[in-house]
Amino acid sequence: MCLAIPGQILEVVDESNRLARVDVAGVQRNVNIGLLDDVGPGDWVLIHVGFAISQVDEDEARATRELLEQMGADYEQELRELGESVIE
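Residues numbered from 1 in each chain as written. Predicted model: local features only at pLDDT ≥ 70, side-chain atom pairs only at ≥ 80, totals over all residues. Heavy atoms only, no water.

(A) Inspection of the overall build of the protein chain at higher detail. Helix and strand counts for the protein chain come out as 2 helices and 5 strands. Taken from the N to the C terminus, the helices and strands of the protein chain come in the order β-β-β-β-β-α-α. Over its C-alpha atoms the protein chain spans a radius of gyration of 12 Å, differing by no more than 12% from the 12 Å that the globule rule assigns to 88 residues. Over its C-alpha atoms, taken along the principal directions, the protein chain stretches across nearly 35 × 25 × 20 Å. In the protein chain, which comprises 88 residues, the share counted as buried stands at 34%. Nonlocal contacts in the protein chain, meaning residues at least 24 apart in sequence, comprise 45% of its contacts between residues at least 6 apart. Summed over all atoms, the accessible surface of the protein chain reaches about 5,100 Å², with 45% contributed by carbon and sulfur. (Helix = DSSP H or I, 4+ residues; strand = E, 2+ residues; numbered from the N terminus. Rg over C-alpha atoms; globule rule 2.2 N^0.38 Å. Buried < 20%, exposed > 50% of the residue type's maximum accessible area, 1.4 Å probe, protein only. Contact = heavy atoms within 4.5 Å. Areas by Shrake-Rupley, 256 points an atom, 1.4 Å probe, with all protein chains shown as cover.)

Here you go:
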């Protein structure tokens, strides 16, 4: 299952390739932010298969995360896969 999960941008790590380090429920990894304009540290985004696909506000990110947490094992599996994947 592939979900769009909320994460907060911590830093832009490679501006030329539009890569940013994000935090998703304690899991940190790089994602591509090239689909979005004007996002940076502190912004919340929805992430799907390694790409930030939409910018959201903190309330929407929190509500989305709460809904995903109710999915239990599927959400936990998504977090594990996120932590194991690499974009550099």
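(B) Molecular detail of the pairing of strand β5 (residues 51-56). Sheet topology places strand β4 (residues 44-48) next to β5; 5 bridges connect them, and they run antiparallel. Bridge assignment links tryptophan 44 to a residue of β5, and that residue is valine 56. Connecting β4 to the next strand, β5, in antiparallel fashion are 2 residues, including valine 49 with a positive phi near 45°. (Pairing = 2+ DSSP bridges.)

(C) Structural view of helix α2 (residues 73-84). Over its 12 residues, α2 runs 16 Å from end to end, which matches the ideal 16 Å to within 8%, given 1.5 Å per residue. Listing the buried residues of α2 in full gives Tyr75, Glu78, Leu79 and Leu82. End-on view of α2: buried residues confined to an arc of 100°, all on one side of the axis. Within α2, the exposed residues directed more than 90 degrees away from the buried face are Ala73 and Glu84. Residues of α2 that are buried in the fold lie against β1 (5-14), β2 (19-24), β3 (27-32) and α1 (58-69). (Expected span 1.5 Å × (residues − 1). Arc of directions from axis to C-beta.)

(D) Quick peek at the pattern of salt bridges. On inspection of all chains with the given rule, the structure shows 3 salt bridges. The residue arginine 18 makes a salt bridge to glutamate 15 at a minimum N-O spacing of 2.9 Å. Where glutamate 58 meets arginine 62, a salt bridge forms, and the shortest distance between an N and an O atom there is 3.1 Å. One end of the pair is glutamate 58 and the other is arginine 62, both in helix α1 and 4 residues apart, which spans about a single turn. By relative accessible area, which is 41% here, glutamate 58 ends up partly exposed. Given the relative accessible area of 42%, arginine 62 is considered partly exposed. One connected set of salt bridges, linked through shared partners, spans Glu58, Asp59 and Arg62. (Salt bridge = Lys/Arg side-chain N within 4 Å of Asp/Glu carboxyl O.)

Everything listed here is a matter of coordinates, which is why it stays silent on function.
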